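Listed below are the residues making up each chain.
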Amino acid sequence: MTNRVFVTGIGMITPLGLDTARTWNNLINGISGADYIKSFDAENLETRFAAEVNDFEPTDFISKKSARHMDRFAQFALVAAQEAAWQANFRPENEDLTKVTTIIGSAVGGLLTLSEQFKTLAERGANRVSPFLVPKMLSDMAASQVSMALGTKGVNYSPVSSCSSGAEAIGQAWSMIKRGEANMAIAGGAEAPISPIGIAGFNACQALSKRNEDPQSASRPFDLNRDGFVMGEGSGILFLESESSVIRRNSEVLAELIGYGASSDAFHVTQPDPDGHGATRALNLALASSGLEPKDIDYINAHGTSTKLNDEVETKAIKSVFNNHANSLAISSTKSMTGHLLGAGAALEAAISVVILEKGIIPPTINLNTKDPKCDLDYTPTTAKRLRVEVAMSNALGFGGHNSSLILRSNDKIQI
């Protein structure tokens, strides 16, 4: 016997807002979170813009002492987790905390701390390096800090699979609950990569847009004139519960997580398999685990990075899996507005998909002004549209050939 898994809380902190409500409002209004970098002088970089989380003061949410001991990515994770736990009405004192797991993925972890401390080492010497360097830079520290803050004592770790990290975290938490190894899970991703070394590194592998003259139009998934992704930061968290937990606590269900699939391209360190075989396998595995047919999917939140190859490959995979139904799907890339949150992107997009199921509104793919003949599906260009969505799929295709797909069902279709 396997357990059903339900979403009872979501949390977001993004370039569009410091919570779910503000993020959603800006998404459906087609607002771009991209702008010139404010956190450091980027004048000498090839790309001088990013999608930053603005007006974030960690001590508005976290004690000053705790905030000092966390890298920015872990601060984001904790704030988003607190929102998700609050919505789920999670009360640690009422739970067996050994059955609450915490899995939060990150592609680069505490890159800000690491880069800052390298500078300290070079300029001030080894004895000035912070004793908190290691515990702040480790990728698992988002999950650890959330676990300590909320008291969860189940499995606690961080999957690191590039841009699929957040989806892998959710997928692994789903698997644990289904197997009865956990009653609840706090799962998602967190990232804060916007730094000189972060921008320079992704510039060096020709991944970022260089549209410096107009940052807000730079993220243009599936558009013929796309030239790379826009780096973003933030966190997306889902609070997951087993059916028995939902019944015991009388929890309000937002959606049911019904499918998860993952695969490897085994092809290249950055480029996707051009035939889309790896992505196709992940989507098919997610469908198989959900028990649904391709025709049952109404909406796809695409990985849609705004890079030349990735958008083509994802389109090819969708066509391969859905055949004629591909032309009936509503698809959008919310990265056109949030930027690419790397390891947090897939988790944020899963959380966005939960809201789409609830609200019946498809956020647009902004800046999609010129159709690419190789990307010829309905990507909801420029303007949001109303559509009843009963089942949504959220995809992630990461550097290193990591492919993941999650499937969520509306609470309108749930019987417990």
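As the structure is a prediction and not an experimental result, all values here were calculated from the model.

Examining empty space enclosed by the protein
What the rule picks out here adds up to 1 cavity of 30 Å³ or more. By volume, the largest cavity is sized at about 40 Å³. For the largest cavity, the full set of lining residues is D265, T270, Q271, P272, N310, L397, G398, G400, G401 and N403. Per-class residue counts for the lining of the largest cavity are 2 nonpolar, 7 polar and 1 charged.

Structural notes on the side chain of Q145
Here Q145 is to be found in helix α6 (residues 141-150). Once you skip the residues sitting within four places of it in the chain, Q145 turns out to touch H69, M70, A74 and L78.

Describing the pairing of strand β1 (residues 5-13)
Of all 9 residues in β1, 9 are buried; the element is thus mostly enclosed. Bridge count for β1 against strand β8 (residues 255-264) is 3 bridges, and the pairing is antiparallel. Bridge assignment links F6 to a residue of β8, and that residue is E256. In terms of strand pairing, β1 meets strand β7 (residues 234-242) through 8 bridges, oriented antiparallel. Bridge assignment links I10 to a residue of β7, and that residue is L238.

Describing the sheet that holds β7
Strand pairing in a sheet relies on backbone hydrogen bonds, with the paired strands running either antiparallel or parallel. With respect to topology, 10 strands assemble into an open sheet ordered β5-β4-β6-β7-β1-β8-β14-β13-β9-β10, the strand pairing being mixed. Taken across any chain shown, the strands that pair with only one partner, and hence form the sheet edges, are β5 (156-157) and β10 (330-332). For strand β4 (residues 100-105) and strand β6 (residues 184-191), the ladder comprises 6 bridges, and the chain directions are parallel. Residue T101 lies in a different strand from β6, and its bridge partner there is A185. α6 contacts β4, β5 and β6 of the sheet and is inclined by roughly 150° relative to β4.

A word on the pattern of salt bridges
Counted by the stated rule, this structure contains 19 salt bridges. Salt-bridge contacts for R226 lead to D311; the nearest nitrogen and oxygen are separated by 3.3 Å. Placement of the pair is R226 in the loop between α8 (196-204) and β7 and D311 in helix α11 (residues 308-322), with a sequence separation of 85 residues. As far as burial versus exposure is concerned, R226 and D311 are alike and both buried. Via salt bridges that share partners, R226, K308, D311, E312 and D372 belong to a single interconnected network.

Criteria and thresholds
- Residues numbered from 1 in each chain as written.
- Predicted model: local features only at pLDDT ≥ 70, side-chain atom pairs only at ≥ 80, totals over all residues.
- Heavy atoms only, no water.
- 1 Å grid on protein atoms, 1.4 Å probe; cavity = no way out; pocket = protein on both sides within 12 Å on 5 of 7 lines; lining within 4 Å.
- Points joined across faces, edges and corners; volume = space filled by probe spheres on them.
- Nonpolar A, V, L, I, M, F, W, Y, C, P; charged D, E, K, R; others polar.
- Helix = DSSP H or I, 4+ residues; strand = E, 2+ residues; numbered from the N terminus.
- Contact = heavy atoms within 4.5 Å.
- Buried < 20%, exposed > 50% of the residue type's maximum accessible area, 1.4 Å probe, protein only.
- Pairing = 2+ DSSP bridges.
- Axes fitted to C-alpha atoms, helices over the stretch in contact; angles between N-to-C directions.
- Salt bridge = Lys/Arg side-chain N within 4 Å of Asp/Glu carboxyl O.

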